[in-house]
Amino acid sequence: QIKGSSSYGFPESHAASFALLVYASCWIKRHHPAEFLAAMLNSQPLGFYSPSQLVQDAKRHEVEVRRADVMHSDYDCTLEGLPHEPAVRLGLRLIVGLKKESAERIAAARRDLPFESAEDLARRAQLEQHEMRLLAGADALMSLAGHRRQQVWEAAALKRPPELLREAPVNEDLLELPEAPEGEEIVFDYATTGLTLRRHPLALLRPMLAKRRLMSAQELAQVPNGRLVRYCGIVTLRQQPDTAGGTIFVSLEDETGVVQVIVWKALRERQRAELLRSRLLAVYGKWQREGEVTNLIAGRLEDLTPMLGRLGTVSRDFH
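Remember, predicted model here, so these are calculated numbers, not experimental data.

Visitor: Just checking my understanding: could you explain the overall build of the chain for this structure?
Guide: Across its full length, the chain carries 14 helices and nine strands. If one aligns the C-alpha atoms of the chain with their principal axes, the spans along those axes are about 75 × 50 × 35 Å. Split into buried and exposed, the 319 residues of the chain put 41% on the buried side. Put simply, of all contacts in the chain between residues at least 6 apart along the chain, 58% involve residues at least 24 apart. When the accessible surface of the chain is summed, it comes to about 18200 Å², and 55% of that surface belongs to carbon and sulfur atoms. In the chain, which carries 42 positive and 42 negative side-chain charges, the distance between the mean positions of the two groups comes to 9 Å.

Shown next as structure tokens:
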């Protein structure tokens, strides 16, 4: 152990500083989880954890997370319900493609007077049609226009009028569209914000995964040490430290938790495509447990990415 640490261990001054940061971070996460989540989301992009992973972890720890909404959200993520058990309101910063200046105009215009409609929002915040489409695609117009399909329909009809007509209202009959199925909503959530507050994608796939006898993280937690198991999760992280001798560590996530997978060099060389290209990965291997520390030692890999359909997930890979 001493020899192994000598090739990776930090200098004492670095180790002490790092330990202090870890302790402070863990204390805040334990005692102020909503504040911790908001701060981490507002610090993106950073390190190992994506906004989706952070939100999924917070939800598993009973933090209430509320969607981005033009009637409530600022540019950054904020806290609501203080001082009692605050909820995290997602900020408009998470909407892919929306500029900070546009988000700040929305917040500033809303402080003067609440928006009455999507048209009112576009006019007072001086938003172009493509910006309204971004907001609608991210489900951020729900308070003004209803479900996502209705939002997109209304945003598509909003073109910035010439100066002389900017204050003139437009009166048209309302066309009511049917709501999208849950799977479609989740696909659009990931495409527009990189995360979802609806059910985890694997919750929808669980019946099909169960037919393949693929367990969840919650089920694995009950398995004794040394048992052969089957597991499947969305790939959130791949890491290959220089000191690991070719071993790759993979983090997989499902609707109940996260599983850490160890892929030895020999398996990496045999199944390189499955290891490096999969977004939904099935692992057949040996379950290891020592106290609260658990790992899945991979024996065989299977790429189940086609089961995700059009769902766009992204892992963070480090070499």
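That covers the picture; the talk isn't over yet.
Visitor: Got a minute to help me understand the nonpolar core in this structure?
Guide: Nonpolar side chains in soluble globular proteins tend to end up buried together. Counting 40 residues, the largest nonpolar core has L37, I106, L121, M132 and L135 as the members making the most contacts within it. Elements with a contribution of two residues or more to this core: helix 3 (33-42), helix 4 (51-60), helix 5 (100-112), helix 6 (118-124) and helix 7 (129-137). Among the elements that line this core, the one with the most residues is helix 3, at six residues. I106 has contacts with V70, L92, F115, L121, A125, L127 and L135, leaving out every residue within four places of it along the chain. If you look at the next biggest cluster of nonpolar residues, it comprises 20 residues, including A217, L220, V223 and W287.

Visitor: What exactly am I supposed to notice about the pairing of strand 6 (residues 257-263) here?
Guide: In regular strands, side chains alternate between the two faces of the sheet. The buried fraction of strand 6 amounts to five of the seven residues, a majority that puts the element mostly inside the structure. Counted along the chain from strand 5 (residues 248-254) to the antiparallel partner strand 6, the turn is two residues long.

Visitor: When you look at the environment of A16 in this model, what are you seeing that I'm missing?
Guide: The topology assignment puts A16 in helix 2 (residues 12-31). Judged by its relative accessible area of 48%, A16 falls in the partly exposed class. As a C-alpha pair, A16 and G285 span 269 residues in sequence and 37 Å in three-dimensional space.

Visitor: Can you help me understand the side chain of Q56 in this one?
Guide: With respect to the helices and strands, the residue Q56 is situated in helix 4. The residues touching Q56, leaving out its near neighbours within four places in the chain, are Y190, T196, H200 and E253.

Visitor: Is there a simple way to think about the confidence of the model for the chain in this case?
Guide: Close inspection of predicted coordinates is inappropriate for parts of the model with low pLDDT. For the chain, mean pLDDT is 90; residues scoring 70 or higher make up 91% of the total. Across the chain, strand 3 (residues 87-89) holds the top mean pLDDT of 98, while helix 1 (residues 2-6) sits lowest at 64.

Visitor: Teacher, can you tell me more about the pattern of salt bridges here?
Guide: Any two side chains of opposite charge can pair, on the condition that their charged atoms come close. One pass over the structure, following the stated rule, counts 20 salt bridges. In this structure, R66 and E64 form a salt bridge, with 2.9 Å as the shortest nitrogen-oxygen distance. For E64, a relative accessible area of 42% translates into the label partly exposed. R149 serves as the salt-bridge partner of E184, at 3.1 Å between the closest nitrogen and oxygen. Pair noted here: E184 is in helix 10 (residues 182-193) and R149 is in helix 9 (residues 148-156), with a separation of 35 residues, a long-range link.

Visitor: What is the right way to look at the packing of aromatic side chains in this model?
Guide: Centre-to-centre distance and the angle between the planes together describe a pair of aromatic rings. Tallied over the entire structure, the rule returns one aromatic pair. Their ring planes at 55° and their centres at 6.4 Å tell us that F48 and Y49 sit as a pair that is tilted. Among the residues examined, Y49 registers a relative accessible area of 45% and is labelled partly exposed. Of note, R300 hangs over the ring of Y284, and the distance from its end group to the ring centre comes to 4.0 Å.

Visitor: What should I look at first to understand the layout of surface pockets in this one?
Guide: Which parts of space are left empty comes out when a probe the size of a water molecule is rolled across the atoms. In this structure, the largest pocket occupies an estimated 1300 Å³ of space. Considering the residues around the largest pocket, the lining is formed by 37 residues, among which K29, F48, Y49, L54 and D57 are closest to the centre. Elements supplying a minimum of two residues to the lining of the largest pocket: helix 2, helix 3, helix 4, strand 4 (228-239), strand 5, strand 6 and strand 7 (280-290). Ranked by residue count, the leading element in the lining of the largest pocket is helix 2, at seven residues. Looking at the lining of the largest pocket, its residues break down into 22 nonpolar, eight polar and seven charged.

Visitor: Please clarify how the environment of L175 should be interpreted in this entry.
Guide: Relative to the helices and strands, L175 resides in the loop between helix 9 and helix 10. Setting aside chain neighbours within four positions, we find L175 in contact with Q150 and W153.

Visitor: What is the right way to look at the pairing of strand 7 in this model?
Guide: Direction of pairing for strand 4 relative to strand 7: antiparallel, over a ladder of seven bridges. Counted as the bridge partner of C232 is A282 from strand 7. With 10 bridges joining them, strand 7 and strand 8 (residues 293-303) adopt antiparallel strand pairing. Counterpart to Q288 in the pairing with strand 8 is N295. The hairpin formed by strand 7 and strand 8 contains two residues between the paired strands, and G291 there has a positive phi angle of roughly 65°.

Visitor: How should helix 10 be read in this particular structure?
Guide: Residues spaced three or four apart along an α-helix point in a common direction, a consequence of the helix completing one turn every 3.6 residues. Along its 12 residues, helix 10 runs 16 Å from first to last C-alpha, staying within 8% of the 16 Å computed at 1.5 Å per residue. All of the buried residues along helix 10 are E185, I186, V187, D189, Y190, T192 and T193. Buried residues along helix 10 sit in contact with helix 4, helix 7, helix 9 and helix 11 (201-211). The positive-phi residue at the C-terminal boundary of helix 10 is G194, with phi of around 80°.

Conventions we followed
Residues numbered from 1 in each chain as written. Predicted model: local features only at pLDDT ≥ 70, side-chain atom pairs only at ≥ 80, totals over all residues. Heavy atoms only, no water. Helix = DSSP H or I, 4+ residues; strand = E, 2+ residues; numbered from the N terminus. Buried < 20%, exposed > 50% of the residue type's maximum accessible area, 1.4 Å probe, protein only. Contact = heavy atoms within 4.5 Å. Areas by Shrake-Rupley, 256 points an atom, 1.4 Å probe, with all protein chains shown as cover. Lys, Arg positive; Asp, Glu negative; His and termini not counted. Charge placed at Lys NZ, Arg CZ, Asp CG, Glu CD. Core = buried A, V, L, I, M, F, W, Y, C linked by side-chain atoms within 4.5 Å. Pairing = 2+ DSSP bridges. pLDDT = per-residue confidence, 0-100. Salt bridge = Lys/Arg side-chain N within 4 Å of Asp/Glu carboxyl O. Phe/Tyr/Trp six-rings, centres within 6.5 Å; stacked < 30°, edge-to-face > 60°. Lys NZ or Arg CZ within 6 Å of the ring centre and 35° of its normal. 1 Å grid on protein atoms, 1.4 Å probe; cavity = no way out; pocket = protein on both sides within 12 Å on 5 of 7 lines; lining within 4 Å. Points joined across faces, edges and corners; volume = space filled by probe spheres on them. Nonpolar A, V, L, I, M, F, W, Y, C, P; charged D, E, K, R; others polar. Expected span 1.5 Å × (residues − 1).

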